[in-house]
Each structure stands twice: as C-alpha cells, then as structure tokens.
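Take a look at the letters that make up each chain.
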Amino acid sequence: MKKTKARILLRILLFLLFTTFSITVSAQEKRTISGYISEEETGEKLIGATIYDTVHRLGAVTNEYGFFSLTVPNEDVVIKVTSFGLTSRFFVVPKETLELNVALSEAKDLEEVVINSEDSKRNVESTNSGTIELQMDKLDKLPVLLGEKDVIKIVQLLPGVKSGGEGSSGLYVRGGGPDQNLILLDGVPIYNASHLFGFFSVFNSDALSQVTLIKGGFPARYGGRVSSVLDMRMKEGNTKKYNVEGSVGLIASRILVEGPIFKDKTAFAFSARRTYIDLLTLPFQDKQQRGGYFFYDLNAKIHHKINEKHHLYISSYFGKDKAYFKGKNDYTNGNEQIAERDESQLKWGNAIAAVRWNYRIHPKLFANTTLTYSQYVFNIGYDYKQTVSGNGPDQTTSAGFKYTSGINDWGIKSDFTFIPNPNHNVKFGIGDTYHTFKPGVNSFSSNEQNNEIDTTFGSYNQYAHELFAYAENDQIITNRLKINYGLHFSVFLVGAKNYMQLQPRFSANYMLTDHSSLKLTYARTAQFLHLLSNTGIGLPTDLWVPATEKIAPVIADQVSIGYNHEFLKQYNIVVEAYYKKMDNIIQYKEGAGFLGSNTDWQTKVEAGQGWAYGGEVFVEKRKGRFSGWLGYTLSWSERQFDGINGGERFFYKYDRRHDVSVAFSYDINEKWDCGVVFVYGTGNAVTLPTQFIGVANNPISNAFGSSTVGLFNSVNDYRMPAFHRMDIGFNRTKKVKWGETVLSLSAYNVYNRKNAFYLYTESGNNGTTKLKQVSLFPIIPSISWKFKIDFEAVKKNRETKNNEINE
C-alpha cells in the first residue's frame with residue numbers, strides 16, 4: 001500500500017512538472033527578463049516588489065531573495081518597478097535585453113506612496129488566502145508592554161490569532177495549539193518563541209526585514225505544522241554603508257550593527273539584546289539570598305555576492321533565558337563550623353544556523369539550497385552542599401537534582417522556482433530533517449560521607465527522519481480566474497514505523513470586479529511532532545515528542561472562503577470563514593505531568609480530536625499619515641478525548657467566542673507620531689468546581705488545610721471574565737548631526753483594567769466559598785530611547801567643520 005502511494009505521488013509530481021515545462025513559448029517570439037530588485041540606500045533585496053510590463057499588461061513579483069523572471073514579447077517594452085514605501089521607477093527595456101537589476105529609493109512624499117494601484121490591488125489579485133504581511137516600519141509606532149517592541153505581540157492583534165493570556169507571547173491560530181505553528185527564522189524552525197515566562201518573544205524586531213503570517217490555504221512548499229506559518233526574514237546587511245542603531249528601555253537594551261565588508265559585494269548584520277532585571281535588583285538583595293532573571297538574543301548574518309548568478313548567505317540566532325536563586329548560610333554548632341550553599345536554576349534557549357546558496361540556473365529557473373540546524377534545550381536544576389569543619393577532617397554532604405529535555409534538528413533542502421511565462425509560477429523541492437528528541441531525563445545525585453548515589457531515569461532519546469517533496473503551480477486561467485494547486489508529500493521514519501502522508505493543497509481567486517475578489521482554499525496538513533504542555537502558566541516546561549509506533553501524527557483538513565475588496569487605493573477589507581478538523585492531537589491524561597516519574601511519556605497521554613470554525617473580518621489602511629487595522633473574530637474551538645470528560649466534546653481552553661483588536665498609528669507632524677491599541681476578548685474556558693462537600697477525616701484534604709472536596713460537572717464549562725485593554729504611545733523623532741533619535745513614551749493598560757490571569761476558590765469563615773481572581777498588570781508607563789547613527793552624515797559634518805576651520 002505504501003509503495004502504491006509513493007508511485008502515485010511520483011506520477012502526480014512528474015505530471016505537474018513536465019506539463020508545466022511544456023508550456024514554454026518559442027524563443028524567437030519571446031524573451032525572458034530576469035534580475036534582482038533592491039533598496040538603493042541599503043542594497044537589501046526587496047521581497048514582493050512588482051515588475052510590470054505596461055504595454056502588454058504582464059507582471060511578475062520578486063521572491064524572498066529579490067529575484068524575478070518576466071517573459072515578454074521580443075520588442076522594446078516599458079517596465080514599471082514598484083515596492084511599498086519606495087519610489088516607483090520606469091524603464092524602457094530595449095529588444096534583446098535579458099537582465100534588469102533595479103534599485104528603488106525611499107519615497108520622500110506621501111503622494112509617491114499613495115498613488116500605486118498595482119501594490120494596493122496585489123492582495124485582491126493573489127491566490128493567497130489568510131495571508132498577512134506586516135509592515136516593519138509601522139511596528140515601532142505601536143505601544144507595547146514595557147516599551148519592548150515585539151513582533152509576536154503585533155501578530156496577536158490580527159484576526160484569527162489569540163494569545164495565551166495577559167501578556168503572553170503564545171500563538172493560538174484558528175483553534176490550534178502553540179505547537180501547530182511553523183515559526184521560521186530565515187527558513188529554520190524555532191521551537192520555543194518565548195522569553196520571560198511567555199511575556200516576550202525571542203525575536204528582536206530590529207534584526208527583521210519581513211514578517212508574513214499564513215493562517216490557511218498553505219502553499220505546498222510549507223509542511224510539518226497544521227495551523228499556521230509565521231515566516232520571518234532577517235536583514236541581509238547594508239552593502240552600501242555602515243549603520244548602527246539601538247535602543248535603551250526600562251528592562252532591556254538592544255543594538256544593531258550592519259555594513260559592507262566589501263562594498264556592493266559582502267555585507268554583515270549583527271544584533272544583540274539583553275535584559276538587566278537581575279542587575280537592577282542586585283543592590284536591593286540580601287547578600288545571603290540572591291536571585292535573578294535575564295535573557296539575551298544574538299542575531300548574525302553574512303551575505304556574499306559571488307557573482308550575478310550566485311549568492312551565499314550565512315545566518316544564525318542564539319538565545320537564552322536563566323532564572324536562578326543562590327542561598328548561603330554559615331553558622332556554628334558547638335565546636336563545628338557549618339557552611340551551607342544551595343542553588344536552583346531554570347534555563348532554556350534556542351540556537352539555529354543556516355547556510356544558503358542561491359543559484360540563477362536560467363532566466364526562468366532559480367534554485368536555493370539550504371543547510372539548517374536548530375536546537376532547543378530546557379533545564380531545571382537544584383544543588384545543595386553542606387561542609388562541616390572543626391572536629392577533624394571536613395565532612396561534606398551534597399545532593400542535586402536535574403531535569404533536561406530538548407530537541408535537535410539537522411536539515412537540508414533544495415527549493416526551485418520555474419517561471420515559464422507570466423501565467424505560470426512553478427515551485428518544487430525536496431528535503432530531509434533529522435530529529436533527535438530528548439523527551440525528558442531526571443537525574444538525582446547525593447554524596448554523604450563518601451557514599452555516592454547517582455540515579456537517572458525518564459524517557460529515552462528518540463530519532464527520526466522527516467523527508468518531504470512538493471510541487472505547486474500558481475496559474476492564471478483567465479483574466480479573472482487564478483488558481484494555486486500542488487502536493488506536499490511527507491515520509492516520517494521513526495523506529496520501526498514509517499508514516500507517509502500525501503497532502504493536497506488548492507486555492508482559487510476569482511476577480512468579481514477590478515477591485516474585489518472571491519477566494520476559496522482547501523489544505524490537508526500533517527504534523528509529526530507533538531508538544532506536551534502542562535496546563536498552567538507559561539513556563540517553558542513543554543516537551544517536544546515525535547509521532548511513534550503508538551502515537552500517530554496530527555492530520556488536519558481546513559477549508560476557507562473569503563471576500564477581498566480594495567477601495568480608494570489604500571483601504572482593504574477581508575471577510576473569511578473557515579472550518580478545520582484535527583485528528584490525533586494529544587494531551588496529558590488527568591493528573592499526569594512531566595516531572596517525577598520513571599514511566600515513558602507515551603503512557604501519560606491521551607489522543608483525541610479537535611474542531612475549529614468561525615469567521616474573521618480584517619479592515620486595513622496601509623498608507624498615509626493615518627494607518628492601521630481593525631480585526632474581529634467569531635470562533636469556536638472544541639476537543640474530544642475518550643478518557644477525558646467522559647468522552648464528551650468540550651471547549652478548548654483558548655476557545656474565545658469574540659475577539660476584537662484595533663491598532664493604528666498617526667503621524668501628527670514630522671517630529672511626533674502616536675499609536676493606539678485596543679483589544680477585547682471573551683474569557684478563556686476553565687474548569688471550576690460547581691459545589692463543595694465536606695469530607696471527614698480525609699488525609700488528602702486535611703493535608704492542604706481543607707475539609708471539603710470540589711465536585712465538577714464537565715471540563716472547561718466556566719468562562720473567565722472578559723478581557724479588554726487599551727495601550728497608547730507617543731514617539732518624538734529628532735534629527736541630530738550624527739543621525740536620528742526617537743523618544744518613546746507609552747502606557748500599557750491605560751485605564752487600569754484588572755484582567756483575570758487565573759481564578760481560584762477560597763473558603764470564608766462562615767463556610768461559604770468565594771471565587772477570586774489574580775491580575776498581573778495594572779497601568780504600566782514606560783519610556784525608551786532609540787538612536788540611529790548615520791556615518792555618512794558624521795563624515796559630511798566633519799568635512800564641513802574642517803572646511804570652515806581652513807577658511
């Protein structure tokens with residue numbers, strides 16, 4: 001059966017490829033113009049720039065490396081090149097010309113940005129459904145918690161996306177869990193995207209050039225997750241001049257350094273961020289008892305242009321969180337001096353690396369080969385040591401505990417883009433990822449009077465290969481109908497089990513008018529990784545585990561239909577409805593957890609089903625002094641497990657019926673701008689007892705100081721109070737001799753709403769039971785200072801000053 005599926009897959013893939021290759025036209029009548037579009041000031045390649053033949057009404061869009069290919073009649077043509085926020089340029093391209101490399105400059109006037117109908121209509125005409133591209137320059141204008149610019153927090157404001165709770169950086173997209181999002185940084189998956197116990201993400205926005213969210217209608221080139229794709233690209237580095245920018249905030253500082261190693265040939269970009277909560281609190285701590293927390297991020301990238309056909313990229317990211325507590329206690333007992341030392345710590349972090357080689361094989365064929373590495377590690381540890389001296393030789397007693405889990409990936413993939421003519425854009429590729437899963441190991445050690453004991457138990461490491469192949473074609477059928485169809489085929493080899501999944505993808509866009517369209521999508525997706533998560537606050541205690549002989553992969557089918565309308569060249573409205581069915585999702589059985597057990601994780605979980613359905617409205621204004629969006633989501637998300645809730649369906653913890661988000665910024669004048677964010681959401685579903693009964697002589701309840709036991713009706717049958725909050729911020733930009741500074745003042749939760757973080761019950765003196773809530777964040781003002789050093793301006797000022805002295 002497996003061999004039959006493989007043969008069918010190969011036949012379908014070959015059919016898609018060879019039928020598309022056969023569409024090529026005669027070289028005597030046509031020619032293909034190809035090249036790269038970049039930003040003039042930095043040399044950074046532009047993603048999604050539009051190249052348009054104004055005579056024959058043919059167009060192309062640059063890929064993620066700024067490459068385009070456009071087949072036009074073999075005669076003189078007028079080409080228009082546009083990209084959002086940059087000045088459009090026109091070129092008369094003579095007959096026989098095959099290469100065109102264009103650099104676009106920044107638009108100086110708002111009018112240059114607004115009058116660009118090709119760019120404003122691109123979302124309407126595209127087959128991409130449920131896809132949103134963030135404007136990086138707009139992110140700096142929106143207020144965020146403690147002034148820390150966070151791309152994940154902005155993504156949470158989009159319709160269809162929910163956060164895990166107050167301040168959390170988790171993503172729950174269209175009823176899925178946080179493990180069901182494929183989060184890519186320069187094409188490499190990030191397994192844990194949170195800092196500070198979930199309150200901040202690991203992504204330094206200064207290091208990013210583009211962020212794209214795909215919620216549905218996944219193109220065939222994406223695989224491995226079932227809910228969403230968050231594709232982020234790091235800056236390549238300025239090939240023209242050196243640039244230094246950074247910011248200083250209340251809890252963290254960051255810096256970005258970029259510039260040419262060899263001008264117009266090789267460039268680098270390096271960024272760093274670190275919190276200093278531990279340093280600020282250190283003077284106020286007892287010398288005998290010290291604790292702290294910090295995190296840091298490091299991003300680095302090098303781009304080398306070998307020649308016009310070959311480009312090499314090397315990128316990396318390293319991030320770490322550490323919370324610690326150190327105790328010290330020295331005392332005497334008779335003639336003995338006793339010294340006690342103890343230390344507990346919680347550490348987790350990511351490390352990724354990628355080496356990519358771009359090769360323009362032919363004006364119509366572009367190749368990208370990538371080697372990747374990704375690691376996530378989580379550690380909990382405690383060490384105790386006692387030294388007794390004074391009566392003979394020193395006596396030492398020690399004990400320790402350590403828990404370790406994580407995942408390592410090595411991968412290789414090759415992706416190809418073939419553009420035979422403007423009506424077809426074919427992508428195909430293959431790849432393999434080698435996973436090493438470390439689901440959790442407990443280690444205990446003790447040493448008393450030279451009697452050493454070391455014990456290690458837990459789940460053993462598991463190894464797996466995840467192979468894939470895909471092919472897709474973005475095809476224009478008529479002037480009004482455009483479709484994207486493809487297949488993604490995955491093979492997961494783990495132990496003695498081989499899982500094979502054929503995943504068809506289809507999306508269609510029908511233009512109702514020149515400014516409105518109807519979109520329809522279907523996608524089957526498979527996920528061979530599971531995330532075991534304890535129900536509680538966002539500690540990084542999640543365990544990544546593979547599909548095994550006992551645990552099947554997650555399979556999801558999603559359909560969506562949407563209406564897209566562009567008006568006044570700068571407004572866009574999207575209305576979408578979706579339905580998603582998920583099979584083989586897992587969670588811990590009732591009472592199970594990740595610590596303190598020598599049983600295998602597979603015995604602790606329950607497999608079940610999930611459903612998610614609803615509608616979304618997204619109204620966006622991308623251009624002008626006033627820009628932003630309004631989002632609304634009406635949704636349902638349910639789960640069902642045979643061993644939980646009596647086998648009955650129940651609402652998912654993060655099922656929220658209504659979600660509203662408003663985010664906008666306004667340029668008051670050349671110096672001042674402001675940003676406002678408002679969010680509202682129905683409360684999360686939680687499980688609470690409906691009544692309490694007294695139990696006499698109950699050792700368990702008595703141990704916790706209670707003589708009552710709670711009775712429950714069903715899982716998640718109670719709603720927390722609704723959540724809502726408003727943030728506001730102001731930014732003042734000042735031009736200085738050496739560059740630019742921005743002073744940001746903001747207030748989080750400006751009207752001091754006490755949103756519930758979690759609920760608990762408390763017994764009163766008269767025998768009654770009260771339900772109480774814990775709230776985290778009141779109104780929090782913040783201030784930050786951002787700077788940007790322009791070395792060209794410094795050089796000019798120095799030359800001017802020297803000339804004045806000489807005169």
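Now for a description of the structure that goes with this document. Every chain begins its residue count from 1, and numbering advances along the sequence as written. Local features in this predicted model are restricted to residues of pLDDT 70 or higher, and side-chain atom pairs are both shown and tallied only at a pLDDT of 80 or more, whereas totals for entire chains, interfaces and linings draw on every residue. As a convention, hydrogens and water are excluded, and side-chain values are obtained from all of the structure's heavy atoms.

Considerations on the overall build of the protein chain
A run of H or I in DSSP counts as a helix once it spans at least four residues, and a run of E counts as a strand once it spans at least two, with each numbered from the N terminus. Assigned secondary structure in the protein chain consists of eight helices and 48 strands. Here the term buried applies to any residue with accessible area under 20% of the maximum for its type, exposed to any over 50%, and partly exposed to those in between, with areas from a 1.4 Å probe on protein chains only. Relative to its 807 residues, the protein chain shows a buried fraction of 52%. By definition, residues are in contact when any of their heavy atoms lie within 4.5 Å. Sequence separation of 24 or more characterises 65% of the internal contacts of the protein chain that already satisfy a separation of 6 or more. For accessible areas, the Shrake-Rupley method is used with a probe of radius 1.4 Å. Any residue's cover is judged against the shown protein chains and nothing else. About 36300 Å² of surface is accessible on the protein chain, with carbon and sulfur atoms providing 57% of the total.

Quick word on the nonpolar core
Each nonpolar core is a collection of buried residues, namely Ala, Val, Leu, Ile, Met, Phe, Trp, Tyr and Cys, held together in the definition by side-chain atoms within 4.5 Å. Counting residues in hydrophobic clusters, the biggest one holds 42 residues, and the most contacted among them are Phe200, Phe492 and Leu532. Of all the secondary-structure elements, those providing two or more residues to this core are β20 (289-305), β22 (336-362), β23 (365-390), β24 (392-421), β28 (481-494), β31 (529-532), β32 (543-546) and β34 (571-588). Judged by nonpolar contacts, the second largest core, of 38 residues, contains Val173, Ile183, Leu213 and Ile352.

Details of empty space enclosed by the protein
Definitions used throughout: a 1 Å grid over protein atoms alone; a cavity as a set of points that fits a 1.4 Å probe which cannot get out; a pocket as an open set with protein on both sides within 12 Å along at least five of seven lines; a lining residue as one with an atom within 4 Å of a point. Grid points are joined across faces, edges and corners, and a volume is the space filled by probe spheres set on the points. Following the criterion strictly, the structure yields seven cavities of 30 Å³ or more and no others. A volume near 140 Å³ is recorded for the largest cavity. Around the largest cavity, the lining comprises 18 residues; the ones closest to its centre are Gln135, Lys138, Glu620, Gly628 and Trp629. Contributions of two or more residues to the lining of the largest cavity are made by β8 (131-134), α4 (136-139), β35 (605-621), β36 (626-641) and β38 (658-667).

Quick look at the sheet that holds strand β6 (residues 89-93)
Pairing is antiparallel across the open sheet formed by four strands, whose spatial order is β3-β2-β5-β6. Each end of this open sheet is capped by a strand with a single partner; those strands are β3 (58-61) and β6. Within this sheet the neighbouring strands show an average axis-to-axis angle of 20 degrees, counted without direction. One requirement defines pairing of two strands: DSSP has to find at least two bridges between them. Two strands pair when backbone bridges link them, and strand β5 (residues 77-82) and β6 are joined in this way by five bridges, in the antiparallel orientation. Looking at β6, one finds that Val81 is bridged to Arg89. Structural elements are reduced to axes, namely lines fitted to C-alpha atoms, with helices fitted over the stretch in contact, and the angle between N-to-C directions of any two is expressed from 0 to 180 degrees.

What about the pattern of salt bridges?
The term salt bridge refers to a side-chain nitrogen of Lys or Arg lying within 4 Å of a carboxyl oxygen of Asp or Glu. In total, this model carries 31 salt bridges according to the counting rule given. A salt bridge links Glu148 to Arg273; its shortest N-O distance comes to 3.6 Å. Taken as a pair, Glu148 in the loop between α4 and α5 (151-155) and Arg273 in strand β19 (residues 266-275) lie far apart in primary sequence, 125 residues in all. You can call Glu148 buried: its relative accessible area is 4%. What makes Arg273 buried here is its relative accessible area of 3%. Between Lys735 and Glu740 there is a salt bridge, with its nearest N and O atoms 2.7 Å apart. Judged by relative accessible area, which is 23%, Glu740 ranks as partly exposed.

A look at the sheet that holds strand β1 (residues 30-39)
Each strand in a sheet pairs with another by means of backbone hydrogen bonds, the pair being arranged parallel or else antiparallel. Spatially, β4-β1-β7 is the arrangement adopted by the three strands of the open sheet, whose pairing is mixed. In this open sheet, the two edge strands, each paired with only one partner strand, are β4 (67-73) and β7 (102-104). On average, each strand axis in the sheet is tilted by 35 degrees relative to the strand beside it, whichever way the strands run. Summarising the sheet, β1 and β4 pair through seven bridges and their orientation is antiparallel. Bridge pairing in β4 places Tyr36 opposite Phe67.

A short note on a nonpolar patch on the surface
On the surface, a nonpolar cluster with roughly 560 Å² of combined accessible area is contributed by Val248, Leu250, Trp738, Leu743, Leu745, Ile783 and Trp785. Those elements giving two or more residues to the nonpolar patch turn out to be β45 (739-748) and β48 (780-790). Along the polypeptide, Trp785 turns up in strand β48. Residues enter a patch when their relative accessible area is above 30% and they make no salt bridge; the linking distance is 9 Å between like charges and 5 Å between nonpolar side chains (Val, Leu, Ile, Met, Phe, Trp, Tyr).

Quick look at the packing of aromatic side chains
Each aromatic pair joins two rings of Phe, Tyr and Trp (for Trp, the six-membered one) with centres within 6.5 Å, and gets the label stacked for planes under 30 degrees apart, edge-to-face for over 60, and tilted for any other angle. Tallied over the entire structure, the rule returns 25 aromatic pairs. Aromatic pair Tyr65 and Tyr313: ring centres 5.6 Å apart, planes at 45 degrees, arrangement tilted. Of this pair, Tyr65 sits in the loop between β3 and β4 while Tyr313 is found in strand β21 (residues 310-333), placing the two residues 248 residues apart along the sequence. Tyr313 carries the same exposure label as Tyr65, and that label is buried. Residues Phe626 and Phe664 carry aromatic rings whose centres are separated by 5.3 Å and whose planes lie at 40 degrees to one another, so their mutual orientation is tilted. Of this pair, Phe626 sits in strand β36 while Phe664 is found in strand β38, placing the two residues 38 residues apart along the sequence. For Phe664, a relative accessible area of 25% translates into the label partly exposed. One aromatic cluster is present, built from ring pairs that chain together Tyr36, Tyr65, Phe67, Tyr313 and Phe366. Looking at Lys322, its charged tip hangs above the ring of Tyr324, at a distance of 5.7 Å from the centre. Two conditions define a charge sitting above a ring: the NZ of Lys or the CZ of Arg must be within 6 Å of the ring centre, and it must be within 35 degrees of the ring normal.

Some points on unusual backbone geometry
One non-glycine residue with positive phi stands out, namely Asn584, at about 70 degrees. Inspection of the secondary structure assignment puts Asn584 in strand β34. Backbone geometry at Asn716 places phi at a positive 55 degrees, although glycine is not the residue there. Within the secondary structure layout, Asn716 lies in the loop between β42 (708-711) and β43 (718-719).

Looking at the pairing of strand β27 (residues 462-476)
Burial within β27 is extensive, with 11 of its 15 residues counted as buried. Of the strand pairs in this sheet, strand β25 (residues 424-448) and β27 are connected by 14 bridges, and their pairing is antiparallel. Paired with Phe437 across the bridge in β27 is Gln462. Across 13 bridges, β27 lies against β28 in antiparallel orientation. Note on β28: the bridge partner recorded for Asp474 is Asn484. Once β27 ends, the chain turns through four residues before running back antiparallel as β28.

Observations regarding the pairing of strand β33 (residues 554-567)
With 12 bridges joining them, strand β30 (residues 516-527) and β33 adopt antiparallel strand pairing. Paired with Ser516 across the two strands is His565, which belongs to β33. Alignment of β33 against β34, held across 13 bridges, turns out to be antiparallel. By the bridge assignment, Ile555 is partnered in β34 with Asp583. Here β33 hands over to β34 after three residues, with Leu568 in that stretch at a positive phi of 60 degrees.

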